[in-house]
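Close look at the chain arrangement
The lines below spell out each chain.
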Amino acid sequence: MRRLVAETHVRPGQLILPVFVREQATEPVPITSMPGVVQHTRDSLRRAAVEAAELGLGGIMLFGVPLAKDATGSGALDPAGILNVAIADVVAEVGDAFPVMSDLCLDEFTDHGHCGVLDESGQIDNDATLEIYAQMALAHAAAGVDLVGPSGMMDGQVGVIRRALDAAGHAQVGILAYSAKYASSFYGPFREAVDSSLQGDRRTYQQDGGNAREGVREALLDVAEGADIVMVKPALAYLDVITAVRAAVPVPVAAYNISGEYAMVEAAAANGWIDREAAIIETLTSIRRAGADVILTYWAAEAARLL
Ligand code: PBG
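Residues numbered from 1 in each chain as written. Predicted model: local features only at pLDDT ≥ 70, side-chain atom pairs only at ≥ 80, totals over all residues. Heavy atoms only, no water.

Once that is clear, we can look at the nonpolar core. Ranked by internal contacts, the top residues of the largest apolar core, which has 102 residues, are F20, L62, Y133 and V245. The element contributing the most residues to this core is helix α3 (residues 126-143), with 8 residues. Setting aside its immediate chain neighbours within four residues, F20 contacts I31, V37, V38, Q39, H40, F63, V65, F190, A193, V194 and Y298. (Core = buried A, V, L, I, M, F, W, Y, C linked by side-chain atoms within 4.5 Å. Buried < 20%, exposed > 50% of the residue type's maximum accessible area, 1.4 Å probe, protein only. Helix = DSSP H or I, 4+ residues; strand = E, 2+ residues; numbered from the N terminus. Contact = heavy atoms within 4.5 Å.)

Look at helix α7 (residues 239-248) against helix α9 (residues 276-290): their axes get within 8 Å of each other, and the N-to-C directions meet at 35°. Within the contact between the two elements, α7 uses L239, I242 and T243 and α9 uses S286, I287 and A290. By residue class, the composition of the contact of α7 with α9 is 4 nonpolar, 2 polar and no charged. (Axes fitted to C-alpha atoms, helices over the stretch in contact; angles between N-to-C directions. Nonpolar A, V, L, I, M, F, W, Y, C, P; charged D, E, K, R; others polar.)

We now examine the site of the ligand. The immediate surroundings of the ligand are formed by 17 residues, with K181, R191, K233, S259 and Y298 found nearest. At a separation of 2.8 Å, an oxygen atom of the ligand approaches a polar side-chain atom of Q206. Across the complex, the protein chains shield 100% of the 400 Å² of accessible surface that the ligand would expose by itself. (Near = heavy atom within 4 Å. Polar contact = N/O pair within 3.5 Å; in protein donor to acceptor, adjacent residues only side chain to side chain. Areas by Shrake-Rupley, 256 points an atom, 1.4 Å probe, with all protein chains shown as cover.)

What follows deals with the packing of aromatic side chains. Evaluated as defined, the whole model comprises 9 aromatic pairs. Measuring from centroid to centroid gives 6.0 Å for Y256 and Y298, while their planes differ by 45°, and the two rings are tilted. Placement of the pair is Y256 in strand β9 (residues 253-257) and Y298 in the loop between β10 (294-297) and α10 (300-306), with a sequence separation of 42 residues. Just as Y256 is buried, Y298 falls in that class too. A centroid spacing of 5.9 Å and a plane angle of 70° characterise the contact between Y262 and Y298, whose relative ring orientation is edge-to-face. (Phe/Tyr/Trp six-rings, centres within 6.5 Å; stacked < 30°, edge-to-face > 60°.)

On to helix α8 (residues 259-270), then. With 12 residues, α8 ought to run about 16 Å at 1.5 Å a step, and its terminal C-alpha atoms sit 16 Å apart, in line with that. A large share of α8 lies buried, amounting to 9 of its 12 residues. Turning to α8, its buried residues are S259, G260, E261, Y262, A263, V265, E266, A268 and A269. Contacts made by the buried residues of α8 are with α5 (188-193), β9 and α9. (Expected span 1.5 Å × (residues − 1).)

In this section: the packing of helix α6 (residues 212-225) against α7. To characterise two packed helices, one gives the angle between the axes of the helices and the distance between these axes. Between α6 and α7, the shortest axis-to-axis distance is 9 Å and the interhelical angle comes to 40°. Here α6 is positioned oblique relative to α7, judged by the angle of their axes. Crossing of α6 against α7: the hand is right-handed. Together, A212, G215, V216, A219 and L220 of α6 and D240, V241, A244, V245 and A248 of α7 make up the contact between the two elements. Taken together, the residues of the contact of α6 with α7 break down into 8 nonpolar, 1 polar and 1 charged. (Parallel < 35°, antiparallel > 145°, perpendicular 65-115°, else oblique. Left-handed = near helix turned anticlockwise from the far one by under 90°.)

To continue, consider the pattern of salt bridges. With the rule as written, the count across this model stands at 11 salt bridges. A salt bridge links E266 to R276, with the nearest nitrogen and oxygen atoms 2.9 Å apart. Taken together, the positions of E266 in helix α8 and R276 in helix α9 put the pair 10 residues apart, joining distant regions of the chain. Given a relative accessible area of 8%, E266 falls into the buried group. When salt bridges with common partners are traced through the structure, they connect R42, R46, D89 and E93 into a single cluster. (Salt bridge = Lys/Arg side-chain N within 4 Å of Asp/Glu carboxyl O.)

The subject of this paragraph is the pairing of strand β1 (residues 15-22). Counting buried residues along β1, 7 of its 8 residues qualify, which places the element largely inside the surrounding structure. Sheet analysis places β1 next to β10, joined by 2 bridges and oriented parallel. Within the sheet, the bridge partner assigned to L15 lies in β10 and is I295. Looking at chain direction, β1 and strand β4 (residues 59-65) are connected through 7 bridges and run parallel. For F20, the partnering residue across the bridge sits in β4 and is F63. As paired elements, β1 and strand β3 (residues 38-40) share 2 bridges and run parallel to each other. From the neighbouring strand, F20 faces β3, where its bridge partner is Q39. (Pairing = 2+ DSSP bridges.)

Taking 1.5 Å per residue as the helical rise, helix α1 (residues 42-54) with its 13 residues ought to reach 18 Å, and the 19 Å between its terminal C-alpha atoms agrees with that figure. Those residues of α1 lying buried are S44, L45, A48, A49 and A52. The arc that holds the buried residues of α1, viewed along the axis, is 145°, so those residues lie on one side. Exposed residues pointing more than 90 degrees away from the buried face of α1 are listed as R47 and E54. At its buried positions, α1 is contacted by β1, β3, β4 and α2 (82-94). Of the residues one or two after α1, G56 is the one with positive phi, at around 80°. (Arc of directions from axis to C-beta.)

In short, shape yes, function no, at least from these values alone.
See the structure below:
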């Protein structure tokens, strides 16, 4: 009877698996604060992508962990850079099964750890960063990506990337925009996952956690600039923002069930304090109930099996 009248369903095809791939890794490197998640080698990434496809997931989102970083994040543009080669690997392996997506941001590639480049005074240079994002989008497109995921929260990033892709003949590459992305303490484990060198925080470009209307405004701006899917991130502390954005935009809404949300459940479950599998499904159900059409979650493969 409960199944018959259920209002909310979670399906594997609605889940996107975020994965990390580490340059020159010879074996997968565990991420301490995210038990069960690893920095992949190129080979183990291919295997994870095949598994994700076989499980019927909705897609895979790639994050690169380069060995060398510099002030402008030049590894992001290098066709031989880890993220660009990993995109090509995954597209070759499972490109016909589901959309292959890429994180389009500089923070994994900069030595200061910020999502953009800095001006002489050490402030983020929004517009200089946009030029690099445009080139990065072309590098990902050349590698065969289906959807780029700009996550740096620079103003105007979606429009600049859309125009760059179109001008270079990549009209078929879509944009999954991190639109309402809040400066959050729950990103902590991700910083370990990508060996982040960030000092300080991202509060000059990520949003204030108290601002829901602003989150909707950011999403509407991204739709106007050409976003195909808009995202709210984090998910659990921002379920009301997901609901508000879902009501306001005509495109699919994604939510990112982020590293800290994963870590909290895993840590509590490891202590025997909560039922892990029930907590995973309840978490994903709550994000769907709030209005997310698709969910990025580190549990994607496992949840697909449970479902
Ligand atoms: C930035 C980026 C971050 C995450 C995804 N893309 C980190 C940040 O903004 O500090 C966080 C994802 C997570 O915590 O799971 N490239």
